[in-house]
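So the chains spell out like this:
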Amino acid sequence: MSKLNFRTLDLNLLRVFDVVMAEGSLTRSAVVLAMTQPAVSHALKRLNESVGEPLFERTAHGMRPTPLAQTLWPQVRAALGTLQQAFAPSAFDPARDRVAFRLAMADATAALLMPALVQAIEAQQALANLRVVPLATRDPRAMLERGEVDVAVGYFPDAMAALLAQGDDAALRHQRLYDTHYVCVMRRGHPLADQPLTLEAYCAAHHLLVSFSGRAHGFVDQALAAVGQQRRIVLTVNQFYTAGRVVAGSDLLTVLPQSFVEATGAAAALVVKPLPLPLGRVHVEMMWHLRKDALPAQRWLRGLLAGIEGPMVG
């Protein structure tokens, strides 16, 4: 990159850069910026000349940022957000401004958090509408990057590992909401309900797997394989509510986060037992994209979610 004379840089170009990074498309960026597509293209050309090298590559799927653009974006986004807050600190009034939010979470997470979130919204007489989008994966990064949802809430171990490895260069942000842990769940009256659950007995039983993706192999199976064991999965479902109902009326065992047992609606018919193998704690995270980070309405929503008291679990 050639030496940039910041004093002669048109700062309006940074706004265009930010939007194109967020949208990944000249057409969508032109709509957001209320500009023509050629004007957006010309602005990027001017910015490339100022920087001394291209910041985007045209592809069949849109505008692909170069490594330099990926490096610059977090700092540009943060600076624009700071300016927005400085010039419009009260830009969002929840009781005056209508806004719609899309949140991605599993059914049990929604059952735990949404009642308190709706109560908080109504207490402020906010004109906010919520749409909960079901999760089909434990890695919501693609959904957030494509702008399909504003916030994702759940246990995202792979995504979190990637974000922590990227550090400040990551395009996503996160905040932990609460912790829980996995337990083995079975019906009351199950042959294993009144005795210690050994690894041998656990593996000999029949199982139900909750899998957002539909794959009939989960993290429990990985943990079992590590100790030379395996189990028979009779049924795979993609909802915790369904899992609780099926287990309550059968001899299948399942594994759930302890905080989710109540959300199945069948807790009175279920028995919870410690697992005979360690799985580690479940860190429930709130995750969002950097382009949403400084938006007042988005900050207000995340503040409400962070203020919800997490489940009391051991």
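To be clear, the structure that these remarks concern was listed above.
Computed from a prediction, not measured in an experiment: that's the story for all the values here. Counting restarts for each chain, with residues numbered from 1 along the sequence as it is written. This being a predicted model, a pLDDT of at least 70 is required before a residue's local features are given, and a value of 80 or more before pairs of side-chain atoms are given or counted; all residues contribute to the totals for chains, interfaces and linings. Excluded from the side-chain calculation are hydrogens and water; included are all heavy atoms of the structure.

Before we move on, could you go through the nonpolar core and cite the residues and values that matter?
Ranked by internal contacts, the top residues of the largest apolar core, which has 76 residues, are Leu 117, Tyr 202 and Trp 300. Looking at which element gives the most residues to this core, the answer is strand β6 (residues 172-187), with 8 residues. Throughout, a residue-residue contact means that at least one pair of heavy atoms, one from each residue, lies within 4.5 Å. The contact partners of Leu 117, leaving out residues within four places of it in the chain, are Leu 103, Leu 130, Leu 301, Leu 304, Leu 305 and Ile 308. In these notes, a set of buried Ala, Val, Leu, Ile, Met, Phe, Trp, Tyr and Cys residues joined through side-chain atoms within 4.5 Å is what counts as a nonpolar core. Working definition: with a 1.4 Å probe on protein chains only, accessible area under 20% of the residue-type maximum means buried, over 50% means exposed, and in between means partly exposed. Listed in part, the 25 residues of the second largest apolar core include Leu 26, Ala 30, Val 76 and Leu 80. Counting from the N terminus, the helices are DSSP H or I runs at least four residues long and the strands are E runs at least two residues long.

Lay out the pairing of strand β1 (residues 56-59) in plain terms, naming residues and giving numbers.
The criterion for strand pairing is that DSSP finds at least two bridges linking the strands in question. Inspection of the sheet shows β1 paired to strand β2 (residues 62-65) by 4 bridges, in the antiparallel sense. When the sheet's bridge partners are listed, Arg 58 is paired in β2 with Met 63.

Give me helix α10 (residues 240-248): which residues, what numbers.
Of the residues making up α10, those classed as buried are Phe 240, Ala 243, Gly 244 and Val 247. Each buried residue of α10 lies within a common arc of 95° when the element is viewed along its axis, so the set occupies one face. In this structure, the buried residues of α10 make contact with α5 (107-123), β6, β7 (206-210), β8 (232-237), β9 (254-257) and β10 (270-273). It is the directions from the helix axis to the C-beta atoms that the arc portrays.

Could you give an account of the side chain of Arg 291, with specific residues and numbers?
Looking at where Arg 291 falls in the secondary structure, it is placed in the loop between β11 (281-289) and α11 (296-307). For the purpose of charge, His is not counted, nor are the chain termini; Lys and Arg are scored as positive and Asp and Glu as negative. Counted as salt bridges are all cases of a side-chain nitrogen of Lys or Arg within 4 Å of a carboxyl oxygen of Asp or Glu. The buried charged residue Arg 291 lacks any salt bridge partner; its closest oppositely charged side chain belongs to Glu 23, at an N-O distance of 5.4 Å. Polar contact is the term for a pair of N or O atoms within 3.5 Å; when the atoms are in protein, one must be able to donate a hydrogen and the other to accept it, and sequence-neighboring residues count only if both atoms are side-chain atoms. A distance of 3.2 Å separates a polar atom in the side chain of Arg 291 from the backbone oxygen of Ala 22. Of the polar contacts made by the side chain of Arg 291, one reaches the backbone oxygen of Leu 144; its length is 2.9 Å. In contact with Arg 291, not counting residues within four places along its chain, are Ala 22, Trp 73, Arg 77, Leu 144, Glu 145, Arg 146 and Gly 147.

Describe the pairing of strand β5 (residues 151-154), with residues and values.
On β5, burial covers both faces: Val 151 and Val 153 on one face and Ala 152 and Gly 154 on the other are all buried. In the sheet, β5 pairs with β11 via 3 bridges, with the strands oriented antiparallel. Along β11, the bridge assignment pairs Ala 152 with Met 287.

Describe the pattern of salt bridges, and please don't skip the residues or the numbers.
Applying the stated criterion across every chain, the model contains 13 salt bridges. With its nearest N and O atoms 3.6 Å apart, the salt bridge here joins Glu 23 to Arg 28. Close ionic contact of Arg 302 with Asp 293 constitutes a salt bridge, the shortest N to O distance being 3.7 Å. Arg 302 sits in the buried class, given a relative accessible area of 6%. A relative accessible area of 23% means that Asp 293 is categorised as partly exposed. Overlapping salt bridges bring together Arg 15, Asp 18 and Arg 77 as one network.

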